[in-house]
Amino acid sequence: MCLLRLLALPLPVSQSTMRYLIILLILLLTTCRSSQPLEVSNHHWQTCIAMANEYRQHVAREQVENAGFPAFTAAPFLHGTRFLDELVHEVTNDSQSRELLTVMTDLGDRIRRAENAILSSPFPRKQLDAIRDCSHLLSNESSLAELRKILIERLQQSPVVADHYNSTIQWLGLLPLLRPVFKWRIDLLHKEERQSFDAEEYFIRSETWTPISVSSQPIDAKALPTAYTNSALSLPLLAETDLLTLFDRYAPRLTIETMGHQDRPGKVVIENNTASINIGAASAYFLPSWTRFAGRNLLQLNYVFWFSSRESRRWIDLYSGTIDSLIWRVTLDEMGDVLLYDSIHSCGCYHKYFIASDEVQIRSIPGSAEPANIFDLTILEHSSGLRLLVTSNEHFIVGIDNAAETTGNPYTLIRYDDLYTLPGTSGAHSLFARNGIITGSERLERFTLWPTGIGNVGAMRQWGTHATGFVARQHFDDARLFDRYFTLDH
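Summarised in this report is the structure supplied together with it. Note that this is a predicted model, so its numbers are computed, not measured. (Residues numbered from 1 in each chain as written. Predicted model: local features only at pLDDT ≥ 70, side-chain atom pairs only at ≥ 80, totals over all residues. Heavy atoms only, no water.)

### Observations regarding the packing of aromatic side chains
- Evaluation of the coordinates by the stated rule reveals 21 aromatic pairs.
- For the ring pair phenylalanine 305 and tyrosine 411, a centre distance of 5.3 Å and an interplane angle of 80° mean the geometry is edge-to-face. In this pair, phenylalanine 305 is assigned in strand 8 (residues 296–310) and tyrosine 411 in strand 16 (residues 409–415), connecting sequence segments 106 residues apart.
- A relative accessible area of 0% means that tyrosine 411 is categorised as buried.
- Ring geometry for tyrosine 416 against tyrosine 420: centres 6.0 Å apart, planes inclined by 80°, an arrangement best described as edge-to-face. Each of the two residues, tyrosine 416 as well as tyrosine 420, counts as buried.
- Chaining the aromatic ring pairs together yields one cluster made of Phe197, Trp328, Tyr341, Phe354 and Phe375.
- The ring of phenylalanine 69 carries arginine 110 above its face, with NZ or CZ at 5.4 Å from the centroid.
- The ring of phenylalanine 476 has arginine 329 lying over it, and the distance from NZ or CZ to the ring centre is 3.6 Å. (Phe/Tyr/Trp six-rings, centres within 6.5 Å; stacked < 30°, edge-to-face > 60°. Helix = DSSP H or I, 4+ residues; strand = E, 2+ residues; numbered from the N terminus. Buried < 20%, exposed > 50% of the residue type's maximum accessible area, 1.4 Å probe, protein only. Lys NZ or Arg CZ within 6 Å of the ring centre and 35° of its normal.)

Okay, structure coming up:
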């Protein structure tokens, strides 16, 4: 019970006591790790949680929390995702507990360092290292198996990541009465999108963009299957070099209808504390994710393209605004072959699914009230990146093929994490506010779609905060999203 209370409550301490505890923690971490008794570990975890709590409070005061990967309140050195919230229910033994907590501690260390880089008064490096080390000790120390078990039980009861819908706003906006209207409008949009996709697309003016390789290593066909075999939770935990080769392999080519500066993908920069897109440095931002499809944990490759704007085409344009973005996601099976693609804009809008394998079948009765726009690409070759045909200004995908352009403009692959620590004249800045929104990217449609309960509808937002459903609660990173619309033949 003492450990349960310890995990549930913050442990505020004075500055002098904190200094003593830090010294004690460093001594504990550098001596007799493998033999320390459980009683010492209790005191050790008081120290660990107290330090992590102090850091989180400091970040909250400066309002620079990373909205996409929140900390677990009971153990704030752990950070989570929707996938990890789902995966914790599959843990049945200590080996699996260790692996899951290692993933969460690695994620926590990564997020703390990004947050710390944009703090006006950063935490000392030694203190961040101490939080990292004590959290890793949780995953590796054999004497802490009981603590791991308790922590897994708490994680199973309390998801780390909340959804991005406001129930009170939905009630005030009479959403139940408006759902049929929203569904009718979504179905109409999907019909228009399918007509555009089926038509032979011809751009009077266009430019093609091709990726510059981010890895010099050849593809190891055994890397992904081996990663699954070596994982206690059947997770595709790849080495960085192997992951980069997959991002190289499946990076898309883009042929974009080009009518102005807003149709050139660029690099995100901060100027005068404001985000903008440098179209002179064509880029795509990449990050991996995982999904749980038909009981299988699958690797996803995400490519995010940023544009300077979506320009107004009429006197009142609900959808125009500063900064626009297109996300292309590739979901792989255990052998590294493509099962599905899907795409949204960084507002969470215009979700489209593209079937790449005959293994994937559409459910006759979907498991969600949210309409899905599904396209069949099984006739295409999927051994490398596809070519996406993208319209001017709205940046809609209206065609996909295997065409290999002999000429094209190069674009650079950049880690998505770089968006959390963009250099500026007054220090580093995150592209995203603490709520995950890009400040200044608001659209007028937020005044018409507020009953959905999604905050600031239409604004560009961070990975992990993309609410994609107007009829049902749904997120782009929902762990079982595909299960709602598809089955998978084994």
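### With respect to the state of the cysteines
- All chains considered together, the criterion is met by two disulfides.
- The partner cysteine of cysteine 48 in its disulfide is cysteine 134, sulfur to sulfur 1.9 Å. On the S-S bond that ties cysteine 48 to cysteine 134, the torsion sits near 65°, and the link is right-handed. Of this pair, cysteine 48 sits in helix 3 (residues 38–62) while cysteine 134 sits in helix 6 (residues 125–140), placing them 86 residues apart in sequence.
- Take cysteine 134: its relative accessible area is 0%, and that puts it in the buried class.
- Bonded cysteines in the protein chain are paired 1-2, 3-4 when counted in the order they occur along the chain. (Disulfide = S-S within 2.5 Å.)

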